[in-house]
Amino acid sequence: MYRKCVLLLLVVVVVAPLLLKGGVLATPTKSFNKANGLCPSTLDIAPCQCIEQADGKLDMDCSEVTNTEQLQTAFQATFPFTAFNSFTLTPTIPSPNLIVLPHGVFGDISFQYIYISGTDLEIVEEEAFTASKTTLVSLSITQNRVQSFPFETLPIYTGLHILDLTENMLPYLPDIVSSPLRYLTLTGNIGLSFDTDTFPGANNIIEINLNHMQISSLQSNLFSQLNYIEHIDLSRNHLSGQLQSGFMVVPIDSLKVLDLNDNQITDIADGAISGVDRSVLINLQNNAITRLPEDQWVHLIDQITRINSIDLRGNPLACGCDVLWLVRSEDKMAKIHENTTCADKTMYLHDVPLEVLVNIC
């Protein structure tokens, strides 16, 4: 009897754990790699990599993927956890076989941050990111060849604050409808067109970057329904001639930075820029402005309290009778950047002698 008990005990102690590990009592998950903690098996998701951070957050890097099929296969693996922090696709050399981001490519895996850059990607299909519709905070698809992007799906992304589509090949920007959107960047999409109905559905935007796009003109009141806009960048475009009244109108005095540098602007009409914060910075460097007549500039300058707030460096200013009203007022002159020079670049506007202008004007 004693021997039978000892034998039974040995079975329980030695054999049972083996069954639990690899026998009929175990229920292993094929894609769960214990060595990787929360990540799926390295082999199942290759050439993608799952990275577990010290705080338990999971990141997925698929920069080594060379075609759409590899990307789809990686996300068909069994994932112990489906809520990821970020997805990265930034290849060293772009692959010509990865030009479409198809519907459901990520399966049921969700992300908060998506970074795709330096690929030959041309088409982002409508349901490419829908698994992340309640989690996505930032979507950055930059320096690719994207010509088709599902702007119509933006309303389903309930937490999307940042949309960065820098340096793609988008031809047209339809109506943007996204209440949570705060930052929109379309820099470098040469020739992209849009109209006055583009932004009313995204009136919580704080910052818009539309620089380096060869924009030659803007419709009046384009930004007039952006209730909280603080920064608009229109630098390095083809804006030319006089900025007409209503060119830059925002609904309340919220605008803190307006970049218009590196265009071919020659003048601004009275009322061209309104809705600025008292401490606004207006960058008009490297344009073609020659004169600062009082009737066109005084109302804008009087709205501002910050010194050096209007930057006119790099403009061929004549510094003649048209600036007498400025030179006479130390307060108004302080609003013009202190390093603004006259056309010959040998004299600063702030150094133009009042007595000389009084005598000749």
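Our structure's up above, just so we're on the same page.
These notes cover the structure that comes with them. (Residues numbered from 1 in each chain as written. Predicted model: local features only at pLDDT ≥ 70, side-chain atom pairs only at ≥ 80, totals over all residues. Heavy atoms only, no water.)

## Digging into the nonpolar core
Grouped burial of nonpolar side chains is what soluble globular proteins tend to show.
Okay, so step 1: Among the nonpolar cores identified, the biggest contains 99 residues, and Met-60, Phe-75, Phe-87, Phe-149 and Phe-223 are the most heavily contacted of them.
Okay, so step 2: Non-local contacts of Met-60, meaning those with residues more than four positions away in its chain, are made with Ile-45, Cys-48, Gln-49, Cys-50, Phe-75, Phe-79, Phe-84, Ser-86, Phe-87, Thr-88 and Phe-111. (Core = buried A, V, L, I, M, F, W, Y, C linked by side-chain atoms within 4.5 Å. Buried < 20%, exposed > 50% of the residue type's maximum accessible area, 1.4 Å probe, protein only. Contact = heavy atoms within 4.5 Å.)

## A closer look at the sheet that holds strand S10 (residues 207–209)
Okay, so step 1: Within the open sheet, the 12 strands sit side by side as S1-S2-S3-S5-S7-S8-S9-S10-S11-S14-S17-S18. Their pairing is mixed. Strands with a single pairing partner mark the edges of an open sheet, and in this sheet they are strand S1 (49–52) and strand S18 (310–311).
Okay, so step 2: Pairing geometry for strand S7 (residues 138–142) and strand S8 (residues 162–164), over 3 bridges, is parallel. In the strand pairing of S8, Ser-138 is matched with Ile-162. (Pairing = 2+ DSSP bridges. Helix = DSSP H or I, 4+ residues; strand = E, 2+ residues; numbered from the N terminus.)

## Considering the packing of aromatic side chains
Okay, so step 1: Scanning the entire structure with this criterion turns up 13 aromatic pairs.
Okay, so step 2: With a centroid separation of 6.0 Å and 65° between ring planes, the pair formed by Phe-84 and Phe-111 is classed as edge-to-face. Residue Phe-84 is found in the loop between helix H3 (68–74) and strand S3 (86–89), and its partner Phe-111 is found in the loop between strand S4 (100–101) and strand S5 (113–117); the two are separated by 27 residues along the sequence.
Okay, so step 3: With a centroid separation of 6.4 Å and an interplanar angle of 55°, the aromatic rings of Phe-194 and Phe-199 are classed as tilted.
Okay, so step 4: Ring pairing ties together the aromatic residues Phe-75, Phe-79, Phe-84, Phe-87, Phe-106, Phe-111 and Phe-129, which thus form one cluster. (Phe/Tyr/Trp six-rings, centres within 6.5 Å; stacked < 30°, edge-to-face > 60°.)

## Let's talk about the pattern of salt bridges
Okay, so step 1: Within the structure shown, the criterion is met by 4 salt bridges.
Okay, so step 2: Among the ionic pairs, Glu-230 bridges to Lys-256, the shortest N-O distance being 4.0 Å. Within this pair, whereas Glu-230 is found in the loop between S10 and strand S11 (231–233), its partner Lys-256 is found in strand S14 (residues 255–259), the two being separated by 26 residues in sequence.
Okay, so step 3: For Lys-256, a relative accessible area of 38% corresponds to the partly exposed category.
Okay, so step 4: As a salt-bridge pair, Asp-311 and Arg-313 come within 2.6 Å of each other at their nearest N and O atoms.
Okay, so step 5: By relative accessible area, which is 8% here, Asp-311 ends up buried.
Okay, so step 6: The class for Arg-313 is partly exposed, based on a relative accessible area of 27%. (Salt bridge = Lys/Arg side-chain N within 4 Å of Asp/Glu carboxyl O.)

## Some remarks on the environment of Gly-37
Okay, so step 1: You can see Gly-37 is positioned in the loop between helix H1 (2–22) and helix H2 (42–45).
Okay, so step 2: Counting along the chain gives 15 residues from Gly-37 to Glu-52, while the straight-line C-alpha distance between them is 7.6 Å.

## As for the state of the cysteines
Okay, so step 1: Here the structure, examined in full by the defined rule, presents 4 disulfides.
Okay, so step 2: Here Cys-39 pairs with Cys-50 through a disulfide, and the sulfurs are 2.0 Å apart. Residues Cys-39 and Cys-50 are joined by a disulfide whose S-S torsion is about -75°; by sign, that bridge is left-handed. Of this pair, Cys-39 sits in the loop between H1 and H2 while Cys-50 sits in strand S1, and the two are 11 residues apart along the sequence. Each member of the pair Cys-39 and Cys-50 is classed as buried.
Okay, so step 3: In this model, Cys-48 is linked to Cys-62 through a disulfide, with the two sulfur atoms separated by 2.1 Å. On the sign convention where negative means left-handed, the S-S torsion of about 115° between Cys-48 and Cys-62 marks this disulfide as right-handed. Pair noted here: Cys-48 is in the loop between H2 and S1 and Cys-62 is in the loop between strand S2 (58–61) and H3, with a separation of 14 residues, a long-range link.
Okay, so step 4: Looking at Cys-48, the relative accessible area reads 3%, which means it is buried.
Okay, so step 5: The connectivity of the disulfides in the protein chain is 1-3, 2-4, 5-7, 6-8, where the numbers refer to bonded cysteines in sequence order. (Disulfide = S-S within 2.5 Å.)

## Regarding the side chain of Asn-263
Okay, so step 1: Along the chain, the position of Asn-263 falls in the loop between S14 and strand S15 (264–268).
Okay, so step 2: The buried category is assigned to Asn-263, whose relative accessible area is 5%.
Okay, so step 3: Only 3.1 Å separates the side chain of Asn-263 from the backbone nitrogen of Asn-237, close enough to count as a polar contact.
Okay, so step 4: Here Asn-261 takes part through its backbone oxygen, which lies 3.3 Å from a polar atom of the side chain of Asn-263.
Okay, so step 5: If sequence neighbours within four positions are ignored, Asn-263 has contacts with Leu-234, Ser-235, Arg-236, Asn-237, His-238, Leu-239, Asn-286 and Asn-287. (Polar contact = N/O pair within 3.5 Å; in protein donor to acceptor, adjacent residues only side chain to side chain.)

## A look at unusual backbone geometry
Okay, so step 1: Between Ala-46 and Pro-47 the backbone carries a cis peptide bond, its omega angle lying at 5°.
Okay, so step 2: The phi dihedral of Glu-167 falls on the positive side, at around 55°, and the residue is not glycine.
Okay, so step 3: Within the secondary structure layout, Glu-167 lies in the loop between S8 and strand S9 (183–185).
Okay, so step 4: The phi angle at Asp-262 is positive, at roughly 60°, despite the residue not being glycine.
Okay, so step 5: Structurally, Asp-262 is set in the loop between S14 and S15.

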